[in-house]
Amino acid sequence: MACDLFNLHLFSYLIFLSSFIPFVFSLSTVSISEVSNQTLVCALTPARDTKQHSFLNCSSFPGGIQIPSNPSTSFSAIVGGEGFLCGLISLPRSPTSSTLVCWRFLVNGTNMSYKRVYHDLALSQLEAGKSFACGLINVTNRLECWPRRKFNSSSIAQGLSSIAVGEDFVCGISESGSITCGGSINNAFACLKEKYCAIAAGFRHACAINSHHGMCCWGSMAGEKPEGKFISMALGENRGCALRTDATIVCWGQDNFSLPERLKETCFIAIEAKINVFCGVERSNWSLYCWGNEIFNSNLLVFEKVLPGPRRNDCPDAILERSGGSCPQCQNIFPHSKSNSNCTPPPAVPPPTPEPRQERRRRCNKWSDKIIAFFVVGCGGSLVLLLVIGFFLFKYCKCRGCRIHDSGRLDGAGTGAHVEQDGAPSRPQVPRTEQASPVLEKRLSELASMGNAGHLEVFSFQVLLKATNNFSRDKKIGTGSFGSVYQGTLDDGCEVAIKRAEISNTYSYSVGTRRQEDRDVAFINELESLSRIHHKNLVELLGFCEDSNELVLVYEYMNNGTLHDHLHKLESSPLMSWTARIKVALDAARGVEYLHRYAVPPIIHRDIKSSNILLDSTWTAKVSDFGLSLMGPEDEKSHLSLLAAGTVGYMDPEYYILQQLSTKSDVYSFGVVLMEILSGYKAIHKNENGVHRNVVDLVVPYIVQEEIHRVLDSRVPPPTPFEIEAVIRTGYLAADCVTLEGRDRPSMTDVASSLDRALAACLPHPSSLSRSTTGSSI
């Protein structure tokens, strides 16, 4: 066929080029939008008088929809869906950033609205389904969708090289070539054995092309998919078309859908589809043809010349006629194939002749006998070894006593669940014996042997009595994990916070002994954690006091109290602005991030809540109270299995129900704190009917419905135009943090990064606007 020779050179060139620019083929320059009985076809067209811009050109069929695009604006990609069009604006002076803008419209272009929905890192791919658009963030290849979707960071894997968007789902190809899906469509179980390099989605089905150019489809699809070798596909509603390796197109679907006869011998370089309409860019002259309904079938040509792929501006002169750019490290026009470097050209030589069946069977059987022999011997030896190890372990434990797992601080007789109601102590204290408990002695000895507490001051109890006026009630400022907290002044005039394990005679000896051990563990946990870490957003431990009767920790004094008091108790506070609240949230997030990412081994706090976030004299927020903290696993994806501890309203449901603790448990608790900051409601509060309600149950539905303004704290003035983006971002982030499954939640590094950009969005200068990753409604 006339297309074959040229296509072979072109395809080989694209594969070579993809090794230099692996994602450049993923930006679409043709879009199709439908609303009612109207279709809007848009394309990026080359400028006539400049080499620096590509213009947005749109036509409505029948006429009526007009997109008010600025001719000086240069777009690098466009996508469309039901009643919307989105364009990715080129930023020549900032190639690492992108701005995504969208137009919404009704029939005949009425009620046209324009909105910027994304301004951040550059997008390596942009796709749209029926009602939303998604993109891949360059470098990290993180998936983001607008409006935000549940599968942004949950069921669909991250680190994708290509995506396709359907009616209410997203499928993608990972960097290893495997397929992953999120949303309403099932994963492609029938397509799991191959490596794939191109993917497309219709409304309720999707197809992918493997490394040998074969096509695999899944979901609800009408008609039989064609056989052969393909480069890319475009899928609509119950119909689809595919671009063969010889550059011709084949179509299939409901009611025997097929390509118009006049186009069957035409060579194409790219295809797009939406619902019933399909468009293709002719390879010889870059003309755009569309088909799929009576209007287009009678007049196939829509635009005489369009860009076949994304235009990049660093190398405008290096444009080859027909085949794209020749300078890999410059930016120019490239064909749009939606395939990545996993695709390989069709084999030039026939595959080797297969072995005769009998010879293949003989060789397989030969190896199978050896494998079976090794397997039997290996299993037998392993079983004997396990029995021997088990016997000696049993003897050792019987003689010496083994404690396989220390679950940390436990509360509640027999349950192991420590629960508090917003700062109130859940359990009274018991008298200490004259001698320190064995647990305390052992842990203190270990801590001293490691030298971790060497920089801490050892206070005498008499000095602390004097500093607190004998721990008088008027010096008490709060309650911590194992005792009450008092304000004190040392002899040198330094103000400190002193946490003391107090004495009570309420409980019997057996219960009291258990309580004493729990308190000892909480004391040593906090001493051990804070003695080896130092960060500006963690409350600093200055010293401790330990004798036969008292356990006391001494901290830096935080002049401005707890975040909980400023949100729920004080009538007036400097935290009555969104900028101030987001700044406090960012401070606290950085503190928790340090525990998870930089402490070795990582520390899981287990009791993140607004009453454990304190504010110093400069209104810097710091995380406090490490009485429940534990050393976490090195691997972020791993977890500890132990009984639950924490505070009611903040506890991770996955941890509470399944007893699986990980760093993502702290993320859940922090998400609850963010919702307190946004709404002004306590974690557990009473609704208008006097029934207790969790702030998560109240706030999350409004965030998902993009109506967060309905639950914002009424005591704070409404967000300014500069603050509204930050508030929306923080709301989406909070909803992500309280996702039920820990693996779907962001890390604290991601949380801190998002809050950093949210705070930047509050700045009053346009040049300092946040680079949004969460976006808002289109």
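From a predicted model like this one, the values you see are computed outputs, not experimental measurements.

## Side note on the overall build of the protein
- Scanning the protein for helices and strands turns up 13 helices and 39 strands.
- Expressed as a percentage of its 778 residues, the buried residues of the protein come to 55%.
- In the protein, the proportion of contacts linking residues at least 24 apart, taken out of those at least 6 apart, comes to 60%.
- Taken as a whole, the protein presents about 35,000 Å² of accessible surface, with 54% of it coming from carbon and sulfur.

## Description of the sheet that holds strand 21 (residues 277-282)
- Reading across from one edge, 20-21-22-23 is the order of the 4 strands in this open sheet, with antiparallel pairing throughout. If you trace the sheet from one side to the other, it starts and ends with strand 20 (268-274) and strand 23 (301-303), each paired once. Sheet twist, expressed as the mean angle between neighbouring strand axes with direction ignored, is 30°.
- In terms of strand pairing, strand 21 meets strand 22 (residues 288-291) through 4 bridges, oriented antiparallel. Each residue of the ladder has a partner; that of C279, found in strand 22, is C290.

## Observations regarding the state of the cysteines
- Tallying each qualifying case throughout the model produces 7 disulfides.
- One disulfide in the model links C86 with C102; its S-S distance is 2.0 Å. Measuring the twist about the S-S bond at about 105°, one finds the C86-C102 disulfide to be right-handed. Taken together, the residues span a long stretch of sequence, with C86 in strand 5 (residues 84-89) and C102 in strand 6 (residues 97-104) at a distance of 16 residues.
- Exposure remark for C86: the relative accessible area of 1% places this residue in the buried category.

## So, a nonpolar patch on the surface
- Residues Y656, I657 and L658 make up a contiguous nonpolar surface patch of roughly 350 Å² in combined accessible area.
- For I657, the position within the fold is in helix 9 (residues 653-658).

## Quick look at the packing of helix 10 (residues 663-679) against helix 12 (residues 721-737)
- In the contact formed by helix 10 and helix 12, the axes pass within 8 Å of each other and the chain directions differ by 145°. Here helix 10 and helix 12 pass one another in a crossing that is left-handed. In contact with V667, Y668, G671, L674, M675 and L678 of helix 10, helix 12 contributes V727, T730, G731, L733, A734, A735 and C737.

## Some remarks on the side chain of E272
- Tracing the backbone through its elements, the reader meets E272 in strand 20.
- Given the relative accessible area of 11%, E272 is considered buried.
- A distance of 3.0 Å separates a polar atom in the side chain of E272 from a polar atom in the side chain of S28.

## Concerning the UniProt feature "binding site: ATP" (unreviewed entry) in the protein
- Look at the UniProt record and you will see "binding site: ATP" (unreviewed entry) annotated at K499.
- Along the polypeptide, K499 turns up in strand 29 (residues 495-500).

## Some points on the packing of aromatic side chains
- For the coordinates displayed, the defined rule picks out 9 aromatic pairs.
- For the ring pair W103 and Y114, a centre distance of 5.4 Å and an interplane angle of 55° mean the geometry is tilted. Separated by 11 residues along the polypeptide, W103 in strand 6 and Y114 in strand 7 (residues 113-121) bring together distant segments of the chain.
- Residue class for Y114 comes out exposed when judged on its relative accessible area of 51%.
- Relative to Y486, the ring of F471 has its centre 5.1 Å away and its plane inclined at 75°; by these criteria the two rings are edge-to-face. Placement of F471 in the loop between helix 5 (461-467) and strand 27 (476-479) and of Y486 in strand 28 (residues 484-489) is noted, with a sequence separation of 15 residues between them. As far as the burial class goes, F471 and Y486 line up, both buried.

## Focus: the nonpolar core
- By size, the foremost hydrophobic cluster in this structure holds 78 residues, and its most contacted members are I533, F670 and L755.
- Shared between two domains, this core takes at least three residues from each, and those domains are domain 3 (453-504 + 514-556) and domain 4 (562-762).
- The residues touching F670, leaving out its near neighbours within four places in the chain, are A585, A588, A589, I608, M748, V751 and L755.
- Formed by 17 residues, the second largest nonpolar core is a distinct cluster that contains I32, A43, V277 and V306.

## Considering helix 10
- For helix 10, built from 17 residues, the straight-helix expectation of 24 Å at 1.5 Å per residue is met to within 8% by its first-to-last C-alpha distance of 25 Å.
- In terms of burial, helix 10 is a largely internal element, 17 of the 17 residues being buried.
- Backbone geometry just downstream of helix 10 places G680 in the positive-phi region, at approximately 80°.

## Examining the sheet that holds strand 13 (residues 179-183)
- The 3 strands are arranged 11-12-13 in an open sheet whose pairing can be described as antiparallel. Whereas interior strands pair on both sides, the edge strands pair on one side only; in this sheet they are strand 11 (160-165) and strand 13. Ignoring which end each strand starts from, the neighbouring axes of this sheet average 20° apart.
- Pairing of strand 11 with strand 12 (residues 169-174) involves 5 bridges; the strand directions are antiparallel. Looking at strand 12, one finds that S162 is bridged to I173.

## A look at the pattern of salt bridges
- A full pass over the atoms with the stated rule returns 22 salt bridges.
- With a shortest N-O distance of 3.7 Å, E167 and K130 are connected by a salt bridge. Taken together, the positions of E167 in the loop between strand 11 and strand 12 and K130 in the loop between strand 8 (123-128) and strand 9 (133-137) put the pair 37 residues apart, joining distant regions of the chain.
- Residue class for E167 comes out partly exposed when judged on its relative accessible area of 25%.
- With relative accessibility at 24%, the residue K130 sits in the partly exposed group.
- As a salt-bridge pair, E725 and R729 come within 3.9 Å of each other at their nearest N and O atoms. Residue E725 and its partner R729 are located together in helix 12, separated by 4 residues, close to a single helical turn.
- By relative accessible area, E725 is classed as buried at 17%.
- Among the ionic contacts, a cluster of salt bridges with common partners joins K130, E167, R204 and E237.

## Describing unusual backbone geometry
- In the segment running from F61 into P62, the intervening peptide bond is cis, with an omega of -15°.
- Looking at the element boundaries, P62 is found in the loop between strand 3 (54-61) and strand 4 (75-81).
- A cis geometry characterises the amide bond from V600 onward to P601, with omega recorded as -5°.
- Checked against the element boundaries, P601 lands in the loop between helix 8 (578-598) and strand 32 (603-604).
- For F471, which is not glycine, the phi dihedral falls at a positive 55°.
- Since its relative accessible area comes to 8%, F471 is described here as buried.

## Digging into the pairing of strand 12
- For strand 12, a buried count of 6 out of 6 residues is recorded, marking the element as mostly surrounded by other parts of the structure.
- Judged by which residues are buried, strand 12 turns out to be covered on both faces: F169, C171 and I173 on one side and V170, G172 and S174 on the other are all buried.
- Counting the residues between successive antiparallel strands, the hairpin from strand 11 to strand 12 contains 3 residues.
- Turn length for the strand 12-strand 13 hairpin, with the two strands adjacent in sequence and antiparallel, is 4 residues, and the turn residue G177 shows positive phi of about 95°.

## Re the packing of helix 12 against helix 13 (residues 748-761)
- For the pair helix 12 and helix 13, the least separation of the axes is 7 Å and the interaxial angle reads 165°. For the element pair helix 12 / helix 13, the angle class is roughly antiparallel. Our pair here, helix 12 against helix 13, has a crossing hand that is left-handed. Where helix 12 abuts helix 13, its residues F722, E725, A726, R729, T730, L733 and C737 lie against V751, S754, L755, R757, A758 and A761.
- Within the contact of helix 12 with helix 13, the residues separate by chemical class into 8 nonpolar, 2 polar and 3 charged.

Parameters at a glance
- Residues numbered from 1 in each chain as written.
- Predicted model: local features only at pLDDT ≥ 70, side-chain atom pairs only at ≥ 80, totals over all residues.
- Heavy atoms only, no water.
- Helix = DSSP H or I, 4+ residues; strand = E, 2+ residues; numbered from the N terminus.
- Buried < 20%, exposed > 50% of the residue type's maximum accessible area, 1.4 Å probe, protein only.
- Contact = heavy atoms within 4.5 Å.
- Areas by Shrake-Rupley, 256 points an atom, 1.4 Å probe, with all protein chains shown as cover.
- Pairing = 2+ DSSP bridges.
- Axes fitted to C-alpha atoms, helices over the stretch in contact; angles between N-to-C directions.
- Disulfide = S-S within 2.5 Å.
- Patch = residues over 30% accessible without salt bridge, like charges linked within 9 Å, V, L, I, M, F, W, Y side chains within 5 Å.
- Salt bridge = Lys/Arg side-chain N within 4 Å of Asp/Glu carboxyl O.
- Left-handed = near helix turned anticlockwise from the far one by under 90°.
- Polar contact = N/O pair within 3.5 Å; in protein donor to acceptor, adjacent residues only side chain to side chain.
- UniProt positions renumbered as here; feature names shortened; annotations may be inferred.
- Phe/Tyr/Trp six-rings, centres within 6.5 Å; stacked < 30°, edge-to-face > 60°.
- Core = buried A, V, L, I, M, F, W, Y, C linked by side-chain atoms within 4.5 Å.
- Domains from an automatic or database assignment.
- Expected span 1.5 Å × (residues − 1).
- Parallel < 35°, antiparallel > 145°, perpendicular 65-115°, else oblique.
- Nonpolar A, V, L, I, M, F, W, Y, C, P; charged D, E, K, R; others polar.

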